[in-house]
Amino acid sequence: MRSQDYMDLEYNYGAHNYKPIPVVIDRAERVWVWDVEGKRYLDMLSSYSALNHGHRHPKIIEALERQLQKVTLTSRAFYNSVLGLFEEKLAKFAGYEKVLPMNTGAEAVESALKIARKWAYYKRNIPMNEGNIIALEGNFHGRTITIISFSTEHQYKDGFGPYTPGFKIAPFGDARALENLIDDRTLAILVEPIQGEGGVRVPPQGYLAELRRIATKHRILLMFDEIQTGLGRTGKMFAWQWEDAKPDVLILGKALGGGIYPVSAVLANNDVMDVLTPGDHGSTFGGNPLAAAVGMAAIDVLVEEKLDERARTLGEYFMNQLKHIKSDYVKEIRGKGLLIGIEIKKEFGTARPFCEKLAQMGILCKETHEQVIRFAPPLVIEKEEIDWALERIERVLTEPVHVQAKIARSI
Ligand SMILES: *Cc1c(COP(=O)(O)O)cnc(C)c1O
């Protein structure tokens, strides 16, 4: 079978909720993937930061294989001999007393919302079922009904109502406007330290620290969704560390599964997490032995290979080099560490043809929010590989646009 056959299969039998770049990946190793025809590509999307460790990291594969030989699923009806070790490692690594293990990012966000609400009703005496949580304009926290209820993106919500009440929207990056929204029923703030899906939007310097101050002052929970920014991506293990704005509730996912398996978690201290009592919440697969083994190996690799430092130094280098490219099409280049967005000026169309051209030249990335090319390579990438990419990115950003449009049409 050729690439086109696989694309046809997905088109014919799969729901059409994605519009993939036309590349059919057949195998992968570290930062490279190969399509069905054997053509090689540099992965600069990393499955939206789930592949911080690169594809099939040997240590994580080894941990998975070892666990496969022992036990893979127990449910939480019983204890298992890996979960506690994973929880201890993650709690100590991230600096919290307790861990709630889940599977996907959206589930972890949902779990955090439940914990925050219950905390408010049982510990803050906010009138039962009347609390509100403040999220930001441009947010992305997943795709469940409750989460899209406070999305500000028309398409994410359209046709999916009625929506879950209890959320307010603050403008992006404006701490004073957010504080003005707080009333006596507000129980939490939920924020991504950098909005990834929202177009790699970086809030102004000092914003996260200001949110920390506001949350403390009003005795509400500060919750950071670090599913995309956490685990080294921005050049710190957690993006909150850039401003020493440690949240009360930290939400992790994506790279916590080492690029292999869905693993997510909510972290908090006892005062918050102990609102959950047996039977309040659960997940059949959450905290399963395979997930726990993979999660432990993922944390070990992050620390051993200092992936946060790599993201910081390589990200700085990559960003500087990108800024040296003289392109008429670029409106802005922004980001932190190895999470970088290039915004294309509207008059030159969307970012999509640029991504398709890059794919043709052997670089995988994906547009986000129409105008932005997001670069988020695995943190194990080498400087020479960034240079390899830069040559091609420069070409795509400086070639006449009509050439790109034509090539985009032909693939
Ligand atoms: C990807 C992402 C999610 C959702 O994670 P899923 O595993 O796709 O449910 C939530 N929040 C942020 C910031 C994300 O980047």
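Calculation rules
Residues numbered from 1 in each chain as written. Predicted model: local features only at pLDDT ≥ 70, side-chain atom pairs only at ≥ 80, totals over all residues. Heavy atoms only, no water. Helix = DSSP H or I, 4+ residues; strand = E, 2+ residues; numbered from the N terminus. Contact = heavy atoms within 4.5 Å. Near = heavy atom within 4 Å. Polar contact = N/O pair within 3.5 Å; in protein donor to acceptor, adjacent residues only side chain to side chain. Areas by Shrake-Rupley, 256 points an atom, 1.4 Å probe, with all protein chains shown as cover. Nonpolar A, V, L, I, M, F, W, Y, C, P; charged D, E, K, R; others polar. Pairing = 2+ DSSP bridges. Axes fitted to C-alpha atoms, helices over the stretch in contact; angles between N-to-C directions. Expected span 1.5 Å × (residues − 1). Domains from an automatic or database assignment. Buried area = accessible area lost by both parts, 1.4 Å probe. Salt bridge = Lys/Arg side-chain N within 4 Å of Asp/Glu carboxyl O.

J.: I'm lost on the environment of Ile 145 in this one. Help?
T.: With respect to the helices, strands and loops of the structure, Ile 145 is situated in helix H6 (residues 145-149). Separated by 73 residues in sequence, Ile 145 and His 218 have C-alpha atoms that sit 28 Å apart. Beyond its immediate chain neighbours, meaning those up to four positions away, Ile 145 contacts Phe 160, Pro 162 and Thr 164.

J.: What's the story with the site of the ligand in this structure? I'm lost.
T.: All residues adjacent to the ligand are Thr 104, Gly 105, Ala 106, Phe 140, His 141, Gly 142, Glu 192, Asp 225, Ile 227, Gln 228 and Lys 254. One nitrogen or oxygen atom from the main chain of Ala 106 is found 2.8 Å from an oxygen atom belonging to the ligand. Residue Lys 254 places a side-chain N or O atom 2.6 Å away from an oxygen atom belonging to the ligand. Protein coverage of the free-state accessible area of the ligand, which is 380 Å², stands at 80%. Split into classes, the residues belonging to the shell around the ligand amount to three nonpolar, five polar and three charged.

J.: Can you help me understand the sheet that holds strand S3 (residues 40-43) in this one?
T.: Note: strands within a sheet are paired through backbone hydrogen bonds, in either parallel or antiparallel orientation. Pairing within the open sheet is mixed, and its four strands lie in the order S1-S2-S3-S13. Of all strands in the sheet, those bounded by a partner on one side alone are strand S1 (25-29) and strand S13 (363-364).

J.: Before we go on, may I ask you to explain the sheet that holds strand S14 (residues 366-368) in this structure?
T.: Reading across from one edge, S11-S12-S15-S14 is the order of the four strands in this open sheet, with antiparallel pairing throughout. Edge strands, defined here as strands with exactly one partner in the open sheet, are strand S11 (330-336) and S14. Taken over all neighbouring pairs, the strand axes of this sheet differ in orientation by 30 degrees on average, direction set aside. Strand direction decides the pairing type here: strand S12 (residues 339-344) and strand S15 (residues 372-375), joined by four bridges, are antiparallel. Following the sheet pairing, Gly 341 is matched in S15 by Arg 374.

J.: How should I be thinking about helix H5 (residues 105-123) in this particular structure?
T.: Spanning 19 residues, H5 covers 26 Å between terminal C-alpha atoms, matching the ideal 27 Å at 1.5 Å per step. A positive phi of about 55 degrees marks Asn 125, the residue just after H5.

J.: Help me understand the domain arrangement of the protein chain, please; the structure alone is not making it clear to me.
T.: Interface size is commonly expressed as the accessible area that is lost once the parts come together. Along its sequence, the protein chain is carved into domain 1 (3-56 + 306-409) and domain 2 (58-304). Computed over C-alpha atoms, the centres of domain 1 and domain 2 are 27 Å apart. Taken together, the contact between domain 1 and domain 2 spans 31 residues of the former and 32 residues of the latter. Taking both sides of the interface into account, the surface hidden between domain 1 and domain 2 amounts to around 2,600 Å²; carbon and sulfur atoms contribute 57%. Our enumeration of links across domain 1 and domain 2 arrives at one salt bridge. Its salt-bridge partner being Arg 374, residue Glu 197 comes within 2.8 Å of it at the nearest N-O pair. Linking domain 1 with domain 2 are 19 residue pairs in polar contact (both at pLDDT 80 or more), by the criterion used here.

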